[in-house]
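# Report on the structure
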Amino acid sequence: MMRALRALVRKDLTLFFEDRRAVVLSFAAPIAIGAFFGFLFSGGGGGNAKIPVRVADLDGSSVSRAIVAALEKDKALEVKSATSADEARELVRRGKATAAVILPKSFGEEAVNAFFRQTDKPDLLLLRDPSHTAEAGMLRGILTQHVMEVVSKEAFSGPAGLRSARQALRQVSEDKAMAPSDRKDLTVLLQSVVNLQEHSTSEKTEALGPQGGIGVPYDTKEEEVTAHAGETYNGYAHSFGGMALQFILMASIEFGMGILIERRTGIWKRLLAAPLHRSTLLLARGISGALISLAIFLVCMGFGMAVFGVRVQGSWPGFLLLAVAYALMASAFGLLLAALGRTPEATRGLAVFAVLILVMLGGAWVPAFIFPAWLQKATLLLPTRWAMDALDGVTWRGLGLASALPAVAILLGFTFVFALIAAWKFPSEEG
Amino acid sequence: MAPLLEARRLAKNYGTLRAVEEVSLSLEPGEILGLLGPNGAGKTTTVSMIAGLLAPDGGEVLLMGRPPSTNGAAKRALGLVPQDLALFDGLTAEANLRLFGALYGLGGPGLDRAVKEGLAFVGLSERASSRVKSFSGGMKRRLNLAAGLLHDPSVLLLDEPTVGVDPQSRNAIFDVLEDLRSRGKAILYTTHYMEEAERLCSRIVIMDHGRVLAEGTAPELASRLPHPTRLVAELRGGGDGEGWIGEVGKLPGFSRVSIEGGRLGATVENLAEGTSALLAFIASRGLELASLETQRPDLETVFLALTGRELRDA
């Protein structure tokens, strides 16, 4: 029995190591992907990209301007201004910004007042892309830090702070409901602030830093920017779109492998013996591959719609055009594999590797913000990135046909290039 | 009148390897031309060039007098049955035939009829709706043949069509081929089985190392041998030849002497002298001669004479 067992194991190992290219890829692919993403996740490659944020300063006070300036200096943010909440909301909806901060009129003064009394806090509006939850959390923390810095500084050193402290001092002394001991402590504190402010102002110094503060002097109103106001973000829209795109590419691998296997088994020889041009055979393959890809896409998204409430809240023509363009691209990708591959085994490994990279960097698996800035720009060279962004656009973002057209054009461009290379490289002879 | 198929001085190189060199052949209606040779002799490469799957590095192929690559009608006149089972396992027998028929422009009632006749011709009508993956090797071979016949080609290229089939299926394929020949089809039949070539082929081209070594009918090929005749004597009382078989080999003009089951065989240079010498030897040894016959050389002998190697071991 042991002899037979040894022989069987030896046979399997021999067969596995027979195809050198497949073997190399089996070991190289996980190492390469692991090293690459480890490099990215550990902060390599030039650090994370900045979070794109739009800020609409509707207040225009010294406090709000200081907050905007602080946000602009923050290394984690890429701040651009917006003129109104509506403009900012539209930019977030289109995916041009991950979030937008709206500082309403009188925000600065009300925030400084609320700093001491914790009443009548102004609302700060945070418009956020619901597909970027992690980035929104980071932004929330950064925002609190900068607002607190600016408001506390204003409260302890600025004219608004002095006015606010005096007013608070008056209110405390007139507040009969307050416990005498609290009133006494608060009066001492506020009087100290007033004294310090007056002294600091006369000495023209900025003795007090940003430290200190009684409490967060504002409330944050958050709004998920989706297709329409009040519409809840449906995470299934992104996940089903991403998985549809991924598994269409996986199917295209099998499609390409099918051609390679047909070439190996002599079927391709019989097809080529028929009075048909080689291009007819390749075209037929391309069409059938595209139809299968389209079916995968529609079934996957259809299931998401029927069971998980995924909706095309933007352009249906855009959605369908994207589906067709992506299906054509995937089919041409399959032809490319068949044209460039030598053995099905080696080609399959290489293709799986390529598809994993395409879908990962295309944004189907992990949020793109964890990538370095250069990589985020580089992913614009990938058809999956365009498809994913556009699909998000026409589904949960509710964008129109125009938003999908650039991606459709890019996908058709990839289709053309893949098909051209496949036609050029596909062996013209079958011996 | 030009032959249906003509290959003129075909050549094909793979790097420094000369896979096919100066191969010429022609095929007339109602003829089965055997392309006999061991594996690697260049038979499949030759067939691939004729079928238009490979571009020759030299020479030309003419189908009905015209190059097939520029003549769609000529290509329709050609049916290829590749050595591999070129079928879609996941499709039924009928679906496979419908596909291959459509590739040659068949459709509608014509395709229905062709598929029905094709299945009947190879004895698979009962299994028309079965998926090919459920077929035996012999059934797949027969369907493979039917797929090449579906569009009723004038010239049929069969590349080792009986590899790996049981005797029953092999005989069924032979019956089909003989039927096709009687209908006037021209068939190029590659094989490394000499029995098949001898049984089926009206002419035989022997190939090795990419070159044509000889061409002709089986008797013609045999007649070209310097030692064409073999004597076979059935002896009684001679056992397995111990003590005397070596002496037979020393008789003048005798070679390739063997004995098995009391049948003594020997190739002789001259039939009359050899027969006399053998009879005298039998008498001198006191052996009893039950029968004596002469055999013309088989293709194995011819191949051995041409290459110095046995066909099956080449």
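Not measured: the values here are computed from a predicted model. (Residues numbered from 1 in each chain as written. Chains lettered and ligands numbered in written order. Predicted model: local features only at pLDDT ≥ 70, side-chain atom pairs only at ≥ 80, totals over all residues. Heavy atoms only, no water.)

### A word on the side chain of Asp392(A)
Residues and elements named next belong to chain A. By secondary structure assignment, the location of Asp 392 is in helix H15 (residues 383-394). Within the buried set, Asp 392 has no salt-bridge partner at all; the shortest N-O distance to an opposite charge, 5.1 Å, is to Arg 397. Here Asp 392 is in contact with His 238 and Arg 397, once residues within four sequence places are set aside. (Helix = DSSP H or I, 4+ residues; strand = E, 2+ residues; numbered from the N terminus. Buried < 20%, exposed > 50% of the residue type's maximum accessible area, 1.4 Å probe, protein only. Lys, Arg positive; Asp, Glu negative; His and termini not counted. Salt bridge = Lys/Arg side-chain N within 4 Å of Asp/Glu carboxyl O. Contact = heavy atoms within 4.5 Å.)

### Points about the side chain of Thr162(B)
Residues and elements named next belong to chain B. Along the chain, Thr 162 turns up in the loop between strand E6 (155-159) and helix H6 (167-182). Of the polar contacts made by the side chain of Thr 162, one reaches the side chain of Glu 196; its length is 2.4 Å. Residue contacts for Thr 162: discarding those within four places in its chain leaves Arg 170, Ile 173, Phe 174, Tyr 189, Tyr 193 and Glu 196. (Polar contact = N/O pair within 3.5 Å; in protein donor to acceptor, adjacent residues only side chain to side chain.)

### Re the interface of chain A and chain B
Taken residue by residue, the interface counts 17 residues in chain A and 25 residues in chain B. Of all residues in chain A, Arg270(A), Pro275(A) and Glu429(A) give up the largest surface area on contact with chain B, accounting jointly for 40% of the area buried on that side. Counting across the interface, chain A meets chain B through zero salt bridges. At the junction of chain A and chain B, the tally comes to four residue pairs in polar contact (both at pLDDT 80 or more). Contributions of two or more residues to the side of chain A that touches chain B are made by helix H9 (235-265) and helix H10 (267-273) of chain A. It is H10(A) that contributes the most residues to the side of chain A that touches chain B, six residues altogether. (Buried area = accessible area lost by both parts, 1.4 Å probe.)

### Structural notes on the packing of helix H11 (residues 278-308) of chain A against helix H12 (residues 316-340) of chain A
Residue and element names in this part refer to chain A. As a packed pair, H11 and H12 sit with axes 8 Å apart at the nearest point and diverge in direction by 135°. When the axes of H11 and H12 are compared, the pair comes out oblique. Classified by chirality, the crossing of H12 by H11 is right-handed. Two secondary-structure elements touch here, H11 through Leu 282, Arg 285, Gly 286, Gly 289, Ala 290, Ser 293, Leu 294, Phe 297, Leu 298, Met 301 and Met 305 and H12 through Trp 316, Phe 319, Leu 320, Ala 323, Val 324, Ala 327, Leu 328, Ala 330, Ser 331 and Leu 335. In terms of residue class, the contact of H11 with H12 is made up of 16 nonpolar, four polar and one charged. (Axes fitted to C-alpha atoms, helices over the stretch in contact; angles between N-to-C directions. Parallel < 35°, antiparallel > 145°, perpendicular 65-115°, else oblique. Left-handed = near helix turned anticlockwise from the far one by under 90°. Nonpolar A, V, L, I, M, F, W, Y, C, P; charged D, E, K, R; others polar.)

### Details of the domain arrangement of chain A
Residue and element names in this part refer to chain A. Split into domains, chain A comes out as domain 1 (51-224) and domain 2 (231-425). Computed from C-alpha atoms alone, the centre-to-centre distance between domain 1 and domain 2 is 48 Å. Facing the twelve residues of domain 1 at the interface are six residues of domain 2. Where domain 1 abuts domain 2, roughly 880 Å² becomes buried across the two surfaces, and 58% of that area is made up of carbon and sulfur atoms. Considering only the surface of domain 1 that becomes buried against domain 2, Arg 93, Pro 130 and Ser 131 emerge as the three largest contributors, covering 46% of it. On the surface where domain 1 and domain 2 come into contact, there are one salt bridge. Asp 129 is the partner of Arg 397 in a salt bridge, and the nearest nitrogen-oxygen pair spans 2.7 Å. Counting every contact that joins domain 1 to domain 2 gives five residue pairs in polar contact (both at pLDDT 80 or more). Among the elements of the structure, helix H4 (85-93) and helix H6 (133-157) are those that each provide at least two residues to the side of domain 1 that touches domain 2. A class-by-class count of the residues in the side of domain 1 that touches domain 2 yields four nonpolar, three polar and five charged. (Domains from an automatic or database assignment.)

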